[in-house]
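# A closer look at the structure
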Amino acid sequence: MEVTTVNEDLGRALLERVMSIPNGHKIKACQQCGACSASCPSSYAMEYSPREIIAALRAGVLNRVFESSTVWLCASCYLCTVRCPAGIPFTDVMYELKAMGIEKGLYKKDQHNIKMARTFTRTVEKYGRNAEVEMILKYYLTTNPLKLLGQTSLALKLLMKGRLDLFPHRIKGLAELKKMVAAVEGGSNGS
Amino acid sequence: MSEKIGVYLCHCGTNISQTVDIAEVARFAETLPNVAVVREYKYMCSNPGQEMIKKDIRELGLDRVVVSSCSPLLHEETFRAACDDAGLNRFLFQMSNVREQCSWVHSDRKKATEKAKKLVAAAVMRVAKHEPLEVRKVPVRNETLIIGGGIAGIEAALKIAESGKKVYLVERDSTIGGHMAKFDKTFPTLDCAACILTPKMVQVADHPNVELYTYSEVEEVSGYVGNFKVKVRKRPRYVDVVKCTACGECVEVCPIEFKNEFDENMSTRKAIFRAFPQAVPNAFLIDKKGKAPCRAECPAGVHAQGYIALIAQRRYADAFDLIMSDLPLPSVCGRVCYHPCEERCERGSLDEPVAINTLKRFASDWAAENGVEPAPRKRTKEGKVAVVGGGPAGLACANELSKRGYAVTVFEANEKPGGMLRYAIPEYRLPASVLDRDIERLEKLGIEIRTSSPVDDPEALLREGYGGVFLALGAQKSSSMGIEGEDKEGVMGMLEFLRAAKEKKLTCIGWKVAVVGGGNSAMDAARTAVRLGAESVQVLYRRSRAEMPAHDWEVEEAEREGVLFKFLVSPVAVLGDGKAEKVKCVRMRLGEPDESGRRRPEPIEGSEFTLDADLIVMAIGQQTDIAGGMEKLKRSKWGTIEADPVTLETNLKGVFAGGDAVTGAATVVEAFAAGKRAAESLDRYLSGKDLREGRDKEIPVAPSPSTEGVKKEPRVREPVIPSIDRVGGFREITGTIAEEDAVREALRCLRCGGCSECMECVKKCEPEAIIHDQLEETVEIEVGTIIVATGYRLFDSSRIPQYGYGRFPDVYNGLEFERLCHAGGPTGGKILTSKGEKPEAIAILHCVGSRDENYLDYCSRVCCMYSLKFAHLAKEKTGAKVYNFYIDIRAFGKGYEEFYKRLLNEDIYFIRGKASEVTAVPEYPEEEGKLVVVCEDTLLGINRRVPVDMVILSAGMEPAEGADELTRMLSLSCTYGGFFMEKHPKLAPVDTPTDGIFLAGACQGPKDIPDAVSQGAAAAAGALSLMDKGVFVLEPVTADRVEELCSGCKVCIANCPYSAIEFDAEKNVSVVVKELCKGCGTCVASCPSGAAFQENFADDQIVNEIEGILLAAKGA
């Protein structure tokens, strides 16, 4: 069996931060019942189920939390949050873990989901909304350009059905959106 | 005067001393004013500790004592008793809490010590101002009220009854036994629930010291410990519990079925039922929701829902029998009644009202066709009654009295009986043959009818030997308008016209006929004239169509048959040379509404015109025509007979009157009602009973029944002959519906009243135990103690949508599965799916609702064990694969862990993980047609989908319905989830903060049978110890009033959480009921005039206490 290193001090600090989000302290009351994992539509693809992430986080087994795909695969459907008998705000916890992973550089460098997340955020920052073609192009160019070829037939089909816009659209009031995002981010840094 | 105060500092082992430097506190205390001695000790509450205090009181002459130790909740009584023992008033003592409020909650020794000093100083300063107080005692009555007859209540009742004290056991349900009576087996021993419960139920019922109030609820509780006054509302069972032998014959004849609540609605029961065969009391009861609205609306109170229910069951003879017991002339009524019942029929709010009258006609005609006679009547009464008048009122009275066993003679002045039915209602509505048939039947039943026998003097009948007389003389005279020329030939009163037509003494061939009036009889006259061959028929009415008193359908039919209407027209004269030729009319307009609410018509001047008319029928009303020897009867100014509206007594003793002769012309069914009312009076009169007592009982009308799931269906239509075929003669217009239509129509009834009151059970019940007119009763009892044992209700699993309860028929809750396992349950103990198949795989989901922030925060304590029991029973009975989905297995009781281990050896699958959902959407071939339980097997770290045929949701426990009301009634408090709060969770688990009230069983928190029984016994012990002692010592630390200062503003009354303040209206002051006051001080704080004060919380005591704290703070 794999012997896992437990970083109790760093773990403690990160745990405190997760618990500082609204209702975050409820992860202390997790019964490890697994309702979250069984409800999660992405859990089949996760290395560790959401329940195991909570267990690992509480135990300070940080590599499982940050180096696995789990937090990056959360689709924000909130089903786990709705069903959790302990009232844990799972989806919010997942976001907090993503943010912490990036901040502290705890993620695995070949973790493509992070790049996907980044490309997505930057596209949204630029246009105020998603621009599928540009985002996918950028994502594959930074990860695996060859894989892009495999997506062409899907892209063509989407184009034919009018489901894909080749050119990005900017939303109205992008400047206001940026101000709002800046204000929120400023707030979350405690400034 | 200077006091001598002793200060005693407790270490509480190391509980206090490890955080508080007691030696330093002692040194400080010695410096405080009036302190004579300071001592410290390891355990001040121990005997040596107490002795130390007592010795100092005696030897040093202490007159005040302060103990600094734990919470007064624990040891205040200990030290007060010690003071008592040493001869010091127990209220010259003060306790300061340096454990719970100091050492336990602080870690900094220095600061904790400073705080302890302040607390001690406060107590020392305060106690100096204490006054000696006297305790008061109240007597405690020797009876106990137990609310709730589940296993906890039963246990408590038996314990108390055995000790020789009286118990009132009040149970809301029709039987005692509670939830346990529904269970199949009990964990962990698997003994049969009924086998261990029913002997106790019987014991309770048979115990001479137990008075059982089932089907009853506590409505009001007043008073205080030892002297509670309780009002218990006894809902009517409609079956005499003593007479009922529980033979069950009534059930077989009852036509009404409802879902069986005892089987968790998985089977049906009749309207007359008992919860289960071993019910206690073992007597049936009738489920009535109230008076059916059809019956409530019927002037004659006919049991419409009853005959409808019987027709639905194709029991036409029984239906007919029921109608006959309500009405003398069923076929007549089925044709001519204006059926107000249908207006009120609840089915009308869904689609169309049930065709009630049509069904009555069907049953009556069916009986006539099939030669079915009503049940023969026996003469059981001595008296003999004379009925004067053979119309509907007279015949109804005769029928009712003959039913009750009296001999009745009807005196009819005409050649044939029937009154207006015979002479005024046209043949096309009511054929004479139908009337004859109905009347002949009455004669066959033993009612003597003497025709051509006018009666002049009712008192002569009394002298002849009749015990009583009912005058049903009718209104025999048509009203006249009093206009010019009204006496001409060719002007007829409506009654004379209709009678002549009926006797075939008149034709109108080629005539122009004018009918004056807008009522139903005007329609009868007009439509009759059409049939008699009139060239034209015009109805002249002085108001407009909207104001016409005639029923809409009558007007429509008349129009269809060619009758013309002239509205806002009134005749002023009949013109003609000897014979009527023309009628002169004036046009009218509508003015202000008159006393009848209709707008008063006023003539328009100069609008006169004339109409040709060969015959003018005055259909503007009827009058009483009382002639001859009736002059002794008191009359009203309208000429009607004066009779008491309730009893129908006239001014002549033994002579009653009713019907049209009293009320003026009214409908047939109202005449029936009057006849029945007279019969009731005569029955009472002849048997020497009070004529008024208990009459016209107000029975509430049943609430609207649920129409959920009821399909819309059109109402049956009576066959009707086409208008073209009608006018040539007097053929009856409507026909009787066919049998299949009748049954279908009867099945449309929504059974508003619950029990249909078809009276079949009454016929069947040999011991005559059925009391259909039983009323609710309120009894008042006085008790010394109260035990609350109201139990729980199961968590409603449909609140968790992802588990599919209520959506998938094969998802059951715990109680439903209990019934499925039970030999007396809906499947006779076979565990079958909703399709009636044996399940191959069963899933049991633990923690449904429990331990879940979204529903019940707490663990319901019993579900793990009952889930294990279910797993065992399911395995044993079906051999199916059984899966338990659990988070933790809580098997904490005696023998429970062993039971769990036994199950582990029984090939049961235990999957550690909470099911996330139950779905019927298959993802794999083996899931087709199955329910799939989705979960994470947390021990394996994999998600699983388990296909099963049946899912059992082990739902948690919630407080019973109505617990809220009881909380208010008894001034109880609630803890988590709404369970009643005990006085102390560990040391007083069955006491409540209200003295004299105890808790037992699941009302205090979820618990299993052994725990509930233990609490029942414990609560009994609590109640017994109070009652045995016979007195209760009241804490004198209560509020009081300085009467002169009280302004009577009542602010304190509104604020008192214990309802302990009353208002003395004479003195205009509020008065504290010391027995109820808990000394919380709320009233003192809220009193704006400073009139309220509280013993031991005087201003100077509190000020001194504060000064003590400040003193210590300064010292530090």
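Presented here is a report on the structure given in the accompanying data block.

Conventions adopted
Residues numbered from 1 in each chain as written. Chains lettered and ligands numbered in written order. Predicted model: local features only at pLDDT ≥ 70, side-chain atom pairs only at ≥ 80, totals over all residues. Heavy atoms only, no water. Helix = DSSP H or I, 4+ residues; strand = E, 2+ residues; numbered from the N terminus. Buried < 20%, exposed > 50% of the residue type's maximum accessible area, 1.4 Å probe, protein only. Contact = heavy atoms within 4.5 Å. Areas by Shrake-Rupley, 256 points an atom, 1.4 Å probe, with all protein chains shown as cover. Lys, Arg positive; Asp, Glu negative; His and termini not counted. Charge placed at Lys NZ, Arg CZ, Asp CG, Glu CD. Buried area = accessible area lost by both parts, 1.4 Å probe. Salt bridge = Lys/Arg side-chain N within 4 Å of Asp/Glu carboxyl O. Polar contact = N/O pair within 3.5 Å; in protein donor to acceptor, adjacent residues only side chain to side chain. Nonpolar A, V, L, I, M, F, W, Y, C, P; charged D, E, K, R; others polar. Axes fitted to C-alpha atoms, helices over the stretch in contact; angles between N-to-C directions. Left-handed = near helix turned anticlockwise from the far one by under 90°. Pairing = 2+ DSSP bridges.

Another point: the overall build of chain A. When helices and strands are counted, chain A shows 12 helices and zero strands. When the helices and strands of chain A are read in sequence order from the N terminus, they spell out α-α-α-α-α-α-α-α-α-α-α-α. Dimensions of chain A, computed from C-alpha atoms along their principal axes, come out at roughly 50 × 40 × 30 Å. Counting across all 191 residues of chain A, residues that qualify as buried make up 38%. For chain A, long-range pairs separated by at least 24 residues make up 59% of all intrachain contacts whose partners lie at least 6 apart in sequence. Element-wise, carbon and sulfur atoms account for 59% of the exposed surface of chain A, whose accessible area totals about 11200 Å². Between the mean site of the 26 positive side-chain charges and the mean site of the 17 negative ones, chain A shows a separation of 6 Å.

Right, let's get into the interface of chain B and chain A. At the junction of the two partners, chain B supplies 17 residues and chain A supplies 19 residues. Roughly 1400 Å² is buried in total at the junction of chain B and chain A, and carbon and sulfur atoms are behind 39% of that figure. Area buried by chain B at its contact with chain A is led by E853, K914 and E936 of chain B, which between them contribute 34% of it. Where chain B meets chain A, there are three salt bridges. With its nearest N and O atoms 2.6 Å apart, the salt bridge here joins K26 of chain A to E853 of chain B. For the pair chain B and chain A, the number of links is 16 residue pairs in polar contact (both at pLDDT 80 or more). The element that contributes the greatest number of residues to the side of chain B that touches chain A is strand β41 (residues 931–937) of chain B, accounting for three residues. Partitioning the side of chain B that touches chain A into residue classes produces three nonpolar, seven polar and seven charged.

Residue and element names in this part refer to chain B. Running from N to C, helix α2 (residues 47–60) and helix α3 (residues 72–85) point in directions that differ by 35°, and their axes come no closer than 9 Å. Judged by the sense of rotation from one axis to the other, the crossing of α2 with α3 is right-handed. Along its contact with α2, which presents Q50, I53, K54, I57 and R58, the element α3 presents T78, F79, A82, C83 and D85. Taken together, the residues that form the contact of α2 with α3 break down as five nonpolar, two polar and three charged.

Moving on to the environment of Y127 of chain A. Residue and element names in this part refer to chain A. Residue position: Y127 is located in helix α8 (residues 112–127). You can call Y127 buried: its relative accessible area is 6%. Separated by 43 residues in sequence, Y127 and R170 place their C-alpha atoms 4.5 Å apart. What Y127 contacts, discounting residues up to four positions off in sequence, is E134, P168, H169, R170, I171 and L174.

All names here are of chain B. Scanning the model with the defined rule gives 101 salt bridges over all chains in all. Its salt-bridge partner being R429, residue E554 comes within 3.8 Å of it at the nearest N-O pair. Of the two residues, E554 is situated in helix α21 (residues 552–560) and R429 in the loop between α16 (420–423) and α17 (432–444); the sequence distance between them amounts to 125 residues. For the residue pair E554 and R429, the accessibility class agrees, reading buried in each case. It is possible to trace a salt-bridge network through shared partners that takes in R429, D524, R527, R531, E554, E557, R560 and E561.

This part takes up the sheet that holds β41 of chain B. All names here are of chain B. Spatial ordering of the open sheet is given by β40-β41-β42, a layout of three strands whose pairing is antiparallel. Bordering the open sheet on either side are β40 (917–919) and β42 (942–948), each of which pairs with just one other strand. Between one strand and the next, the sheet's axes are offset by a mean angle of 25°, whatever the strand orientation.

With that settled, consider unusual backbone geometry. The amide bond that connects F187 of chain B to the next residue, P188 of chain B, takes the cis arrangement and shows omega of -10°. Residue position: P188 of chain B is located in the loop between β8 (185–186) and β9 (191–192).

For the rest of this paragraph, the subject is the pairing of strand β25 (residues 564–567) of chain B. The pairing of strand β24 (residues 536–541) of chain B with β25 of chain B spans four bridges and is parallel. The residue of β25 of chain B that forms the bridge with Y541 of chain B is F567 of chain B.

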